[in-house]
Amino acid sequence: MSRYVAMRWMLVLLLLLPTAARAGEGRRWDEPRRLRLVQVPIVETTPRAIPDSEPVAPPVHPLWQRLLVEGGAGVGTGLAGALVGLGTYMLGSGVRLLEPGEDPTVLPFMLAGAAIGFPLGVWWGGELMMGDGSLLATFGGAAVGGLGAVGLWALSERSSPPLSGVLKGVAIPLPVVGSFLGYELSSGIRKKAKGLQLRPAVVLSSQHRALVLAGCF
């Protein structure tokens, strides 16, 4: 009986030998298993730290360019103000706002409009040239120049030629010069006190989900 059982086990082993041989051909037992490298996209949930901003020199236009643009804007806005003064005079005359018998001239209305329009034009012209002047300082400079012009004009009336002509020639451009000085001086003081810090930084994750723009303008 035991001999018969042994023969049966020998037949089973013979039948399993081809299968084991094919398995051995597919992969050697002592061969190391190969690992597959799979690249997984890294998604940043938070943006990276941005370095501290560094002071950068502000853009500076030449003085003659600034004065040219400021002067052109001042003249244009001053003419518009003079037209507004003329329209105000005509409106007042048309609706009888003036007392009967009065005969006012249009010149004071036009001068008032031009006096308001010119400093305003100098201010927004300077802003176009990357200035940082104060509107109040621009009007203040024009007012101081206007007071100086009135004083010189009154003094010229008491003087004899040719001194009177010189005083009037100096008095006329004083409000214009005051507007320029008021804007330029206030712009220089503001820029020195505040400075300009500029360092924009853009941080993007691998999925383009984070966008950071940093800077002080």
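Look a little higher up for the structure.
A.B. asks: I'd like a rundown of the pattern of salt bridges, residues and numbers included.
C.D. replies: Evaluated as defined, the whole model comprises three salt bridges. As a salt-bridge pair, Arg-66 and Glu-184 come within 3.2 Å of each other at their nearest N and O atoms. In this pair, Arg-66 is assigned in helix H2 (residues 63-94) and Glu-184 in helix H6 (residues 174-194), connecting sequence segments 118 residues apart. In this structure, the salt-bridge partner of Asp-132 is Arg-190, at a minimum N-O distance of 3.7 Å. One end of the pair, Asp-132, is in the loop between helix H3 (107-128) and helix H4 (135-157); the other, Arg-190, is in helix H6, with 58 residues separating them in the sequence. A relative accessible area of 17% means that Asp-132 is categorised as buried. Of the residues examined, Arg-190 reaches a relative accessible area of 39% and is grouped as partly exposed.

A.B. asks: Give a detailed account of the layout of surface pockets, specifying residues and quantitative values.
C.D. replies: By volume, the largest pocket is sized at about 390 Å³. Along the walls of the largest pocket sit 15 residues, with Leu-111, Ala-114, Ala-115, Ile-172 and Pro-175 positioned nearest its centre. Mapped by element, the contributors of at least two residues to the lining of the largest pocket are H3, H4 and H6. Class assignment of the residues belonging to the lining of the largest pocket gives a composition of 13 nonpolar, two polar and no charged.

Calculation rules
Residues numbered from 1 in each chain as written. Predicted model: local features only at pLDDT ≥ 70, side-chain atom pairs only at ≥ 80, totals over all residues. Heavy atoms only, no water. Salt bridge = Lys/Arg side-chain N within 4 Å of Asp/Glu carboxyl O. Helix = DSSP H or I, 4+ residues; strand = E, 2+ residues; numbered from the N terminus. Buried < 20%, exposed > 50% of the residue type's maximum accessible area, 1.4 Å probe, protein only. 1 Å grid on protein atoms, 1.4 Å probe; cavity = no way out; pocket = protein on both sides within 12 Å on 5 of 7 lines; lining within 4 Å. Points joined across faces, edges and corners; volume = space filled by probe spheres on them. Nonpolar A, V, L, I, M, F, W, Y, C, P; charged D, E, K, R; others polar.

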